[in-house]
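Okay, here's what each chain looks like letter by letter:
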Amino acid sequence: MTETAARVDLDQLCINTVRTLAMDAVQQADSGHPGTAMALAPLAYVLWQRHLRYNPANPEWLDRDRFVLSAGHACMLLYSVLYLTGYDLTLDEIKQFRQWGSRTPGHSEHGVTPGVEATTGPLGQGIGNAVGMAIAEAQLAALFNRPGHAIIDHYTYFLASDGDLMEGVSHEACSLAGHLQLGKLIGFYDDNRITIDGSTELAFSDNTTRRFEAYGWHVQKIADGNNLKAIDAAIAQAKRVADRPSLIIVRTHIAWGSPHKQDSAEAHGAPLGADEVKATKQNLGWPSLEPFYVPDDALEHWRTAKARGAQLEGDWKRKWDSYRAAHPELAAELERRLAGRLPAGWDSALPVFGPKDAQATRAASGKVLNAIAAKLPELLGGSADLTGSNNTEIKGGGPGRNFHYGVREHAMGAVLNGITLHRGFIPFGGTFLIFSDYMRPSIRLAALTPLKPIYVFTHDSIGLGEDGPTHQPIEQLAALRAIPNMTVIRPSDATEVVEAWRAAITHRNGPVALVLTRQKVAVVDRTKYAAATGLHQGGYILADSPNPDVVLLATGSEVELILGAYEQLKAEGRRPRAVSMPCLEYFAKQPEAYRESVLPPGVRRIAVEAAAPQSWYRWVGENGVIVGIERFGASAPYQRIYQELGLTVERIVAEAQNRV
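The model shown is predicted, which means the values in this text are computed figures rather than measured ones. (Residues numbered from 1 in each chain as written. Predicted model: local features only at pLDDT ≥ 70, side-chain atom pairs only at ≥ 80, totals over all residues. Heavy atoms only, no water.)

Caption draft 1: Seen up close, the overall build of the protein chain. Of the regular secondary structure elements, the protein chain holds 25 helices and 20 strands. Relative to the 2.2 N^0.38 estimate, which gives 26 Å for 660 residues, the radius of gyration of the protein chain is 28 Å and therefore close to what a compact globule would have. By the burial criterion, 61% of the 660 residues in the protein chain qualify as buried. Contacts in the protein chain between residues far apart in sequence, at least 24 positions, make up 76% of those at least 6 positions apart. Accessible surface computed for the protein chain: about 24900 Å², of which carbon and sulfur atoms make up 50%. For the protein chain, the distance from the average position of its 65 positive side-chain charges to the average position of its 72 negative side-chain charges is 5 Å. (Helix = DSSP H or I, 4+ residues; strand = E, 2+ residues; numbered from the N terminus. Rg over C-alpha atoms; globule rule 2.2 N^0.38 Å. Buried < 20%, exposed > 50% of the residue type's maximum accessible area, 1.4 Å probe, protein only. Contact = heavy atoms within 4.5 Å. Areas by Shrake-Rupley, 256 points an atom, 1.4 Å probe, with all protein chains shown as cover. Lys, Arg positive; Asp, Glu negative; His and termini not counted. Charge placed at Lys NZ, Arg CZ, Asp CG, Glu CD.)

Caption draft 2: Molecular detail of the environment of T20. Mapped onto the elements of the fold, T20 is located in helix α1 (residues 3-29). You can call T20 buried: its relative accessible area is 1%. With residues up to four places along the chain from it excluded, the contact list for T20 reads K281, W286 and Y293.

Caption draft 3: View of the sheet that holds strand β12 (residues 454-458). What the six strands build is an open sheet, ordered β10-β9-β11-β12-β14-β13; its pairing is parallel. Bordering the open sheet on either side are β10 (402-404) and β13 (487-489), each of which pairs with just one other strand. Geometrically, the sheet is characterised by an average inter-axis angle of 20° between neighbouring strands, direction not taken into account. Note that strand β11 (residues 426-432) and β12 share five bridges and pair parallel. From the neighbouring strand, G429 faces β12, where its bridge partner is Y455. Relative to the sheet, helix α17 (residues 436-448) contacts β11 and β12, its axis offset from that of β12 by approximately 160°. (Pairing = 2+ DSSP bridges. Axes fitted to C-alpha atoms, helices over the stretch in contact; angles between N-to-C directions.)

Caption draft 4: Local environment of the packing of aromatic side chains. Under the criterion given, the structure shown has 23 aromatic pairs. On the basis of an interplanar angle of 40° and a centroid distance of 6.2 Å, the ring pair of Y155 and Y157 is categorised as tilted. Here the two residues Y155 and Y157 agree in accessibility, since each one is buried. Ring geometry for F158 and W217: centres 6.2 Å apart, planes at 75°, overall edge-to-face. Here F158, found in strand β2 (residues 156-160), pairs with W217, found in the loop between α8 (208-215) and β6 (218-222); they are 59 residues apart in sequence, far enough to count as distant. Judged by its relative accessible area of 0%, F158 falls in the buried class. Over the ring of Y155 we find K184; its NZ or CZ atom is 5.4 Å from the centre of that ring. R303 extends its terminal NZ or CZ atom over the ring of Y83, reaching a point 5.3 Å from the ring centre. (Phe/Tyr/Trp six-rings, centres within 6.5 Å; stacked < 30°, edge-to-face > 60°. Lys NZ or Arg CZ within 6 Å of the ring centre and 35° of its normal.)

Caption draft 5: How the structure looks around the sheet that holds strand β17 (residues 550-554). Judged by pairing direction, the sheet is mixed, and its five strands sit side by side in the order β16-β18-β17-β19-β20 without closing on themselves. Each end of this open sheet is capped by a strand with a single partner; those strands are β16 (540-543) and β20 (625-627). Put simply, the sheet's adjacent strands are angled 30° from each other on average, direction ignored. The sheet contact formed by β17 and strand β19 (residues 604-608) spans five bridges and is parallel. Bridge assignment links A554 to a residue of β19, and that residue is V608. Docked against the sheet, helix α25 (residues 649-659) engages β17, β19 and β20, running at close to 165° with respect to β19.

Caption draft 6: Representation of the pairing of strand β18 (residues 576-580). For β18, the tally of buried residues reaches five of five residues, placing the bulk of the element in the interior. Here β18 shows no split at all, with P576, A578 and S580 on one side and R577 and V579 on the other all buried. Examined bridge by bridge, β16 and β18 share three bridges and lie antiparallel to one another. Bridge assignment links A543 to a residue of β18, and that residue is A578. Read from β17 through helix α20 (residues 558-571) to β18, the crossover connection turns out right-handed. (Right-handed = clockwise from strand over helix to strand, strands pointing away.)

Caption draft 7: Examining the side chain of T113 more closely. Within the secondary structure, T113 is located in the loop between α4 (91-95) and α5 (125-144). Apart from residues lying up to four places away in sequence, T113 is in contact with Y79, L82, L89, R103 and P105.

Caption draft 8: The arrangement of the side chain of T361 in detail. Position of T361 relative to the elements: it lies in helix α14 (residues 361-373). With residues up to four places along the chain from it excluded, the contact list for T361 reads P491, S492, D493, V497, L516, T517, Q519 and V521.

Caption draft 9: Representation of α25. When α25 is considered as a whole, its buried residues turn out to be V649, I652, V653, E655 and A656. Considered in projection along α25, the buried side chains sweep an arc of 160° and stay on one side of the axis. α25 presents E650 and N658 as exposed residues on the side facing more than 90 degrees away from its buried surface. (Arc of directions from axis to C-beta.)

Caption draft 10: Spotlight on the packing of α5 against helix α16 (residues 409-422). For the pair α5 and α16, the least separation of the axes is 6 Å and the interaxial angle reads 50°. The angle between the axes of α5 and α16 places the two elements in the oblique class. Handedness of the crossing formed by α5 with α16: right-handed. Residues Q125, G128, N129, V131, G132, M133, I135, A136, E137 and L140 of α5 pack against A414, V415, N417, G418, I419, L421 and H422 of α16. (Parallel < 35°, antiparallel > 145°, perpendicular 65-115°, else oblique. Left-handed = near helix turned anticlockwise from the far one by under 90°.)

Caption draft 11: Just the pattern of salt bridges, in detail. Considering all chains together, one arrives at 29 salt bridges under this definition. Note that D24 and K281 form a salt bridge whose closest N and O atoms lie 2.9 Å from each other. Here D24 is found in helix α1, whereas its partner K281 is found in helix α10 (residues 274-283), with 257 residues between them in sequence. D24 gets classed as buried once you look at its relative accessible area, which sits at 6%. Residue classification places K281 among the buried residues on the basis of a relative accessible area of 2%. Among the salt bridges present, the one from D232 reaches R50, with a minimum N-O distance of 3.7 Å. Highlighted residues: D232 in helix α9 (residues 228-240) and R50 in helix α2 (residues 34-51), separated in sequence by 182 residues. Among the ionic contacts, a cluster of salt bridges with common partners joins D460, R481, R490, E558 and E609. (Salt bridge = Lys/Arg side-chain N within 4 Å of Asp/Glu carboxyl O.)

Caption draft 12: The arrangement of the nonpolar core in detail. Among the nonpolar cores identified, the biggest contains 66 residues, and F158, L185, W217, L334 and Y455 are the most heavily contacted of them. Counting residues per element, this core draws most heavily on α5, which supplies 10 residues. Once residues lying within four places of it in the same chain are set aside, the contact partners of W217 are F158, C174, A177, G178, L185, F212, R244, P245, S246 and L247. Ranked by size, the runner-up nonpolar core spans 54 residues in total, among them L69, L159, I186 and I222. (Core = buried A, V, L, I, M, F, W, Y, C linked by side-chain atoms within 4.5 Å.)

Listed below in structure tokens is the structure:
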């Protein structure tokens, strides 16, 4: 056998190892998606063996290339490659695919499996994550690279399926990427023409080439997904295109090698079946019918990635040492950011607000944001075409700190996750609270991973007034609060806004939403009532009476209403307590003794929020009452809407009188 023929045989052996591992893992789990992994094994082989810069011994190496499996259902492709190249993922973990407690869950999860860059599965999200990573790479390179010292210099790759390209988030994200000319973003489209329902012809007839060319992408097509030379050449060409992102369309055949299920929907989301696994292995000329058999030659060749990765990272470390010697201040700043350490005094210049400073909490947020941004250079962000409304502009921030997402909330959410995953920044994104619905899949994934983007959601209630019920959020607060690891902060006034931003910056576990008013609200007189620092406990006693006989609770602009009711009830000889509850999640995490000190057992409670009531049942108790909204709003000045819907001091006082 010639050397060339032996190399071809070894290449094919390595590729078929991925195919058989995918088949066997799905078959043993009796659940999963084998076909896509089988089809894409040649692409994965070429990418991971010849182009991708990574070190299996250090999955967090800063200047590694990123690979995002947007087609998360094909995770056995990624798990197989991670195991074979020498990441801390064993063959036993492959055998435990989709089982309780394993590191190989049914869709890839960042933080669970070493080498998985993003949690994917909901289609299209990974594309948006990859765009965010490419944005972060470009921005970090612009900030920290110096002539002769390109310490940030890596590519971001993603792998997308038909389903990824059908989902709307991919349209938004890819349009944005083309506009930004992200030349170090390279995508692969697995054109296997099969979805769960059957042929893509049932519902999908896009001209993907023209679509991406219209976005401003460089597009190539590979006619045969088994042609290693064509794949190699296409990736090399994409890396040479520096002025725009690249898409490589690869024509594949789902479940390639399966005698009876290749090119069928049956191979998409179900095991091939024991007989078909056997027939496929025989068709591939596989040397063993034993499940999870890995030929020594194949494993040895895949594992050359370990030495190659160690050399790549070693070369980079020498560049880093040279950079640190030449630019010690820049190196120290980058190290600080990557470690997540906040600079000393980052919150030393926050504004102070008093009773004469009545304003919308969105306006106060803009002032606080700028005070923080001046001291916290890693803070960057923007808005979904609502910069002036959300007050999200960093004034004088310099290139790249203010980001224009356009009218693309779907993409904004996914991109924020990608920037956060990349590390080096604290990103925020703004829109109206009602449009958080467009971002919900990304918010949920941020909470699941967990990541910490900051959301600036303004126009938080019927208080936005004349725009009417299409824009007035009713159920959004309850919906966001229902997400595990999600933190929702709705400050009552400008002084709580200061503390809300302080909490958001220092928060560690999951995303934070700052929920802010359009309308002006009074600034609570903190010489008369409790300090706004109580926000960090989630709920705190704002105004009190000895041995209270009723507790009034509220968030946001409705705190002004309960303070009015508190004063009126007190004047009548009642014993009310007013409690500001800006963050139910923080309050729930307090010790029981603290919670009972704020909400004493046996004392009637009235919660007030211009929103759906579901969040409050836990806190008012069996005999409590919730003054909320269980209908859509209306178009009118906000004062009239509050009056018509019964969110008034008079209503609260009446409820208290009826229950004391």
